Amino acid sequence: METIRICKDRDVLREFLLGREKEVISIMMSLFDEEKIMRTHVASEKREAARESAEKMLRLGKLSVEEIASCFTDLSVEDVREIEKGLLQTI
């Protein structure tokens, strides 16, 4: 909304925006929603990959939980402990 207001104030596409403001807002909101969904998906995939890598590292048993957590920005020590706990339950 602020972008549209600025464009109108600066006389950028003013006539177009006056006639089609609702349509432009709808398109911008759709694009924003798609971008937000994509960012959320990418973050989720990144976190899942980190969890899988941490699991592999735990199975190797060469690093401590704290050391593994320090290798990943998306995982805390608690996250790695949960992964370790899940592994112990499957054994």
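In case you missed it, the structure is sitting above this.
Procedures and definitions
- Residues numbered from 1 in each chain as written.
- Predicted model: local features only at pLDDT ≥ 70, side-chain atom pairs only at ≥ 80, totals over all residues.
- Heavy atoms only, no water.
- Axes fitted to C-alpha atoms, helices over the stretch in contact; angles between N-to-C directions.
- Helix = DSSP H or I, 4+ residues; strand = E, 2+ residues; numbered from the N terminus.
- Parallel < 35°, antiparallel > 145°, perpendicular 65-115°, else oblique.
- Left-handed = near helix turned anticlockwise from the far one by under 90°.
- Contact = heavy atoms within 4.5 Å.
- Nonpolar A, V, L, I, M, F, W, Y, C, P; charged D, E, K, R; others polar.
- Core = buried A, V, L, I, M, F, W, Y, C linked by side-chain atoms within 4.5 Å.
- Buried < 20%, exposed > 50% of the residue type's maximum accessible area, 1.4 Å probe, protein only.
- Salt bridge = Lys/Arg side-chain N within 4 Å of Asp/Glu carboxyl O.

1. Here we look at the packing of helix H2 (residues 14-60) against helix H4 (residues 77-90)
At step 1: It is at 10 Å that the axes of H2 and H4 come closest, and there the two elements cross at 60°. Of the possible angle classes, the one that applies to H2 and H4 is oblique. As H2 runs across H4, the sense of the crossing is right-handed. The segment H2 lies against H4, with Arg47, Arg51, Ala54, Glu55, Leu58 and Arg59 engaging Asp79, Val80, Ile83, Glu84 and Leu87.
At step 2: When its residues are assigned to classes, the contact of H2 with H4 shows five nonpolar, no polar and six charged.

2. Examining the nonpolar core
At step 1: Listed in full, the eleven residues of the largest apolar core are Ala50, Ala54, Leu58, Val65, Ile68, Ala69, Phe72, Leu75, Val80, Ile83 and Leu87.
At step 2: Mapped by element, the contributors of at least two residues to this core are H2, helix H3 (65-70) and H4.
At step 3: Beyond its immediate sequence surroundings of up to four residues, Ile68 is in contact with Ala54, Met57, Leu58, Leu63 and Val80.

3. Here's the deal with the pattern of salt bridges
At step 1: Going through the model one piece at a time under the given rule, you end up with eight salt bridges.
At step 2: One salt bridge in this structure joins Arg5 and Asp9, with 2.4 Å as the shortest N-O distance. Linking Arg5 with Asp9, this pair stays in helix H1 (residues 2-9), spanning four residues, or about one helical turn.
At step 3: Of the charged contacts, one joins Arg81 and Glu66 as a salt bridge, the two residues approaching to 2.8 Å between their closest N and O atoms. Highlighted residues: Arg81 in helix H4 and Glu66 in helix H3, separated in sequence by 15 residues.
At step 4: Arg81 gets classed as partly exposed once you look at its relative accessible area, which sits at 37%.
At step 5: Residue classification places Glu66 among the partly exposed positions, given a relative accessible area of 39%.

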